[in-house]
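Given next are the chains, with one letter for each unit.
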Amino acid sequence: MVQNQERRIALVDAAIEVLARDGARGLTFRAVDAEAGVPKGTASNYFANRDDLLNQVGAHIHHRLTLDPAGVESAQLPPSPELLTELMRALYHHISRDRTGWLALLELRLEATRRPELQAALTKTLRDNLNMNVEGHRASGIPGDDMTTVLLYYAMTGLILEHLTVPEVLADFDENDLIATLVNRSLAT
């Protein structure tokens with residue numbers, strides 16, 4: 001396989017665009033080549049097969065969607081419920097700016113129900129992501145235990161899902177207030 005890493009990432013990003021727009025059935029090497037604006041046959045030189053492409057998309061999406069807490073202005077706050085609220089808000093807005101990445105992840109999740117190897121790879125990636133969040137929360141000194149992190153992880157997943165797929169469901173609610181309530185109620189003992 002060809003080893004130009006920048007080209008590989010560009011192809012994976014193009015695959016994410018195709019996956020979000022056309023679904024898993026529309027994800028072909030030809031569609032990726034067209035989206036990336038490269039000559040026909042380029043993607044097939046970088047990926048052994050469609051499963052290889054799907055697995056690499058799954059791994060790369062999490063790099064795109066991961067929030068670097070150090071880049072959040074309020075990260076300078078002391079460990080507190082307020083800091084946790086601001087980090088959750090920053091995560092929400094960060095992912096909202098990459099709607100395509102999130103929708104592609106949803107498509108991958110659906111495709112994983114039909115492909116056991118993809119399900120295994122995606123399960124590992126998602127489990128690692130959840131564990132990284134739990135460990136990061138522990139190390140941060142922010143209030144809340146491991147269950148707080150798990151509850152917020154899935155509550156935020158649901159909130160982001162609604163916002164990026166059927167935003168009018170939440171039209172009567174302020175997302176920032178919802179996030180503050182999620183954090184405060186998750187921390188309640």
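Described in the following lines is the structure provided in the data block. Being a predicted model, the structure only gives us computed values, none of them experimental.

### Things to note about the pattern of salt bridges
Item 1. Enumeration according to the criterion identifies eleven salt bridges in this entry.
Item 2. For the salt bridge of Arg64 with Asp98, the shortest nitrogen-to-oxygen distance reads 2.6 Å. Taken together, the positions of Arg64 in helix α4 (residues 50-65) and Asp98 in the loop between α5 (81-96) and α6 (99-112) put the pair 34 residues apart, joining distant regions of the chain.
Item 3. Among the residues examined, Arg64 registers a relative accessible area of 21% and is labelled partly exposed.
Item 4. Here Asp128 makes a salt bridge to Lys124, at a shortest N to O gap of 2.6 Å.

### Concerning the side chain of His62
Item 1. Mapped onto the fold, His62 is located in helix α4.
Item 2. On the accessibility criterion, His62 (10% relative accessible area) is buried.
Item 3. Residues contacting His62, with those up to four places away along its chain left out, are Leu105, Thr125, Leu126 and Asn129.

### Observations concerning the packing of α4 against α6
Item 1. Where α4 contacts α6, the axes come no closer than 10 Å and their chain directions differ by 140°. Compared by their axis directions, α4 and α6 come out oblique. Seen from above, α4 lies across α6 with left-handed handedness. From α4, Arg50, Leu54, Val57, Gly58, Ile61, His62, Arg64 and Leu65 reach across to α6, where they touch Thr100, Gly101, Trp102, Ala104, Leu105, Leu108 and Glu111.
Item 2. Counted by class, the contact of α4 with α6 contains eight nonpolar, four polar and three charged residues.

### Structural notes on the nonpolar core
Item 1. Of all hydrophobic cores here, the largest spans 51 residues; its most connected members are Leu27, Val32, Val57, Ile61 and Leu108.
Item 2. Val32 has contacts with Leu11, Ala14, Ala15, Val18, Leu27, Ala43 and Leu53, leaving out every residue within four places of it along the chain.

### So, the packing of aromatic side chains
Item 1. A full pass over the atoms with the stated rule returns one aromatic pair.
Item 2. A ring pair is formed by Tyr153 and Tyr154, whose centres lie 4.9 Å apart and whose planes are at 75°; its orientation type is edge-to-face.
Item 3. For Tyr153, a relative accessible area of 15% translates into the label buried.
Item 4. You can call Tyr154 partly exposed: its relative accessible area is 48%.
Item 5. Arg8 extends its terminal NZ or CZ atom over the ring of Phe47, reaching a point 5.4 Å from the ring centre.

Criteria and thresholds
Residues numbered from 1 in each chain as written. Predicted model: local features only at pLDDT ≥ 70, side-chain atom pairs only at ≥ 80, totals over all residues. Heavy atoms only, no water. Salt bridge = Lys/Arg side-chain N within 4 Å of Asp/Glu carboxyl O. Helix = DSSP H or I, 4+ residues; strand = E, 2+ residues; numbered from the N terminus. Buried < 20%, exposed > 50% of the residue type's maximum accessible area, 1.4 Å probe, protein only. Contact = heavy atoms within 4.5 Å. Axes fitted to C-alpha atoms, helices over the stretch in contact; angles between N-to-C directions. Parallel < 35°, antiparallel > 145°, perpendicular 65-115°, else oblique. Left-handed = near helix turned anticlockwise from the far one by under 90°. Nonpolar A, V, L, I, M, F, W, Y, C, P; charged D, E, K, R; others polar. Core = buried A, V, L, I, M, F, W, Y, C linked by side-chain atoms within 4.5 Å. Phe/Tyr/Trp six-rings, centres within 6.5 Å; stacked < 30°, edge-to-face > 60°. Lys NZ or Arg CZ within 6 Å of the ring centre and 35° of its normal.

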